[in-house]
Structure formats: structure tokens, C-alpha cells
Amino acid sequence: MTPTEDDHSDAESFKSAQDEVNDLPGSAAAESEKHFSPEDEAKFLNESNTHKTTANAFFSKASYTDAITTYDKALASCPTYLDYEIAVLRANIAACYLKLEEWKTAMDNASLAIESLDRLDSEVGLPSKPAKDGTPAVTEAADDDNRVQEVDEEQAARIERLEKSGRGLAEVRRLRVKALLRRARARASLAKWADLAGAEEDYTALLAAPLADVLGPMDRRTVEAGLREVRPQLAQAKEAEMAEMMGKLKDMGNGVLGLFGLSTDNFKFEKGEGGGYSMQFDQNAGKRGSS
């Protein structure tokens, strides 16, 4: 799809407005958090939503490449501090790449969606710290056990961003569920040891609080089925990759030892009764059976 003159005009307008915000003096820029004026924000968000609607239509017609291109336009128009909107677009792009079976790119976009949502959720990924007796806390919250806990600066910043986004915590977490499901599927499809371990981690997170509270019955079945599939594959992949690594190490060792007329076969490791290993040198290893 060839960009039109209007596309270029919109992009230049967005860049110009962003440059003006970035050029603010240090203190003013920090206070504004590089936000556009309400008028400019509404304008750029409307442009982004228009592109997103078009991209959604492409997706529904299975035109996934066109959908990705148009979601990218939506991202280009969307103010970068609108974390929820950015997360929606990244999660949608991940869904497109899953359909195209481009697992790595799907995983990367789902991860970017999750990173955006991290900036809105005051609990996920942040350990709670009990308030210290006698130490006044600037901001406080109660946990599930009704114990007062201190909210640190990062949590306070997330709470503030969530309030500014106009989204509820449950809404943010439902989107996180979608992004995690998509990343888990992509990781499982990559089928490498590390990726399968990541898929298991994602599925496990979905069954734990606080995400389990917003996990629907169908998604729960998907997660449970995913775990049943991933866990045996994870063990097999670990064994296969360890064997491959040991084979490469053996080849490397043979390359060095060969200079001295030896090989790794000359060195035998035997496990002792105490659990330790002893090494024995066998000078004739590899020569037996030869005439």
C-alpha cells in the first residue's frame, strides 16, 4: 500500500507537535511528561483510531499483512504515552503475526504490549513492601489481607498513569490476558528450550492472582491445555539441547586434544559413592579393536 499525501501530512504534523513538546525546557518537559495539548492529543488519537478501525477490517478479511501495515500507521499516530492504546495495537499486531505463523515477531509485539500495560498496573511485577512502624508513608494501600502497605514511587506513578488513562484495572488486566496468551502461543510454537520455559511461565502467570480473577472459562481451558502440551515438550527440548551442547563441547575438546594424539574418549568420569566424580585416563581408548 502506497502512503498518500494525507498520510505524509499527518505524520509530519505529529512529528512537528512531538518536537515542540520535546523542546520544552527540562523542568517544563518533566512536568508535562511530554504530553500533547488536549486538542492535539484528541486529534492524533482520532487519527490512530481511524487507522485501527481500518486495520481491524483487514484482519477480519484475513488480510493480515495489510492489517499489520495499517496498525503500524495507527501506532505512528498514537501519542507514545497512551500506554493502553499502544498495548491494544501491539497485541493486535501480535495476533496478525500469529496468523502468519511468524512466531518470533508475534512474541516480540506481545511483549511490547505487556511492557505498556506494566506501566499501568500497580501490582503486577512489583513486590509489595509492608509499611515500617513509625515511618510515615506518603501513599498507602491495603492488600488482600487488609494489611497496610507502603506504595513506592514506581507504584504511585503507575496508579497515576492508570487514572489518567481513564481505564479500569480490570480492563487493563483483561488486555494483559490477551497479550500473555498470544505471547505464550508464540513461544510454544518456537519450541526452543528457553521459549518453552517462557510459555510455561506465561501460562502459569495467567492462572495466578491477580490475572486469574479476570480469566474467562474459555481462556482458562486454553491455558490449562497449553500447560499440558508445553511441559513434556519443555523436558524433551531441554534434554535435546543439553545433548547438542555436550556434543559441541566434545568436538571442541577433541579439536584441542587431537593436537596431542588424544581425544575426549581417553578421559573417563566415574561417579563415586559420595556423589562426586573421579577422572581416569585410558591411553588405549579408541584404539581397541584396531589391528
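Conventions adopted
- Residues numbered from 1 in each chain as written.
- Predicted model: local features only at pLDDT ≥ 70, side-chain atom pairs only at ≥ 80, totals over all residues.
- Heavy atoms only, no water.
- Helix = DSSP H or I, 4+ residues; strand = E, 2+ residues; numbered from the N terminus.
- Buried < 20%, exposed > 50% of the residue type's maximum accessible area, 1.4 Å probe, protein only.
- Areas by Shrake-Rupley, 256 points an atom, 1.4 Å probe, with all protein chains shown as cover.
- Axes fitted to C-alpha atoms, helices over the stretch in contact; angles between N-to-C directions.
- Parallel < 35°, antiparallel > 145°, perpendicular 65-115°, else oblique.
- Left-handed = near helix turned anticlockwise from the far one by under 90°.
- Contact = heavy atoms within 4.5 Å.
- Nonpolar A, V, L, I, M, F, W, Y, C, P; charged D, E, K, R; others polar.
- Core = buried A, V, L, I, M, F, W, Y, C linked by side-chain atoms within 4.5 Å.

**Details of the overall build of the protein chain**
And then number 1: Along its length, the protein chain carries 10 helices and five strands.
And then number 2: Each of the 291 residues in the protein chain was classed as buried or not, and the buried ones make up 33%.
And then number 3: With an accessible surface of roughly 17,900 Å², the protein chain has 51% of that area assigned to carbon and sulfur atoms.

**With respect to the packing of helix α8 (residues 169-190) against helix α9 (residues 193-206)**
And then number 1: Interaxial distance between α8 and α9 falls to 7 Å at its minimum, and their mutual angle equals 155°. Judged by the angle between their axes, α8 and α9 are roughly antiparallel. Crossing angle aside, the handedness with which α8 passes α9 is left-handed. Of α9, the residues touching α8 (which contributes V177, L180, L181, R183, A184, R185, R187, A188 and L190) are D195, L196, G198, A199, D202, Y203 and L206.
And then number 2: Of the residues assigned to the contact of α8 with α9, the class counts are 10 nonpolar, one polar and five charged.

**With respect to the nonpolar core**
One recurring pattern in soluble globular proteins: nonpolar side chains tend to sit buried together.
And then number 1: By size, the foremost hydrophobic cluster in this structure holds 27 residues, and its most contacted members are Y84, L175, Y203 and L206.
And then number 2: Among the secondary structure elements, those contributing two or more residues to this core are α5 (83-99), α6 (103-118), α8, α9 and α10 (217-257).
And then number 3: Y84 has contacts with L117, L120, R167, E171, V172 and L175, leaving out every residue within four places of it along the chain.
And then number 4: F44, I68, L75 and Y97 belong to the second largest nonpolar core, which has 23 residues in total.

Keep in mind these values describe shape, not function.
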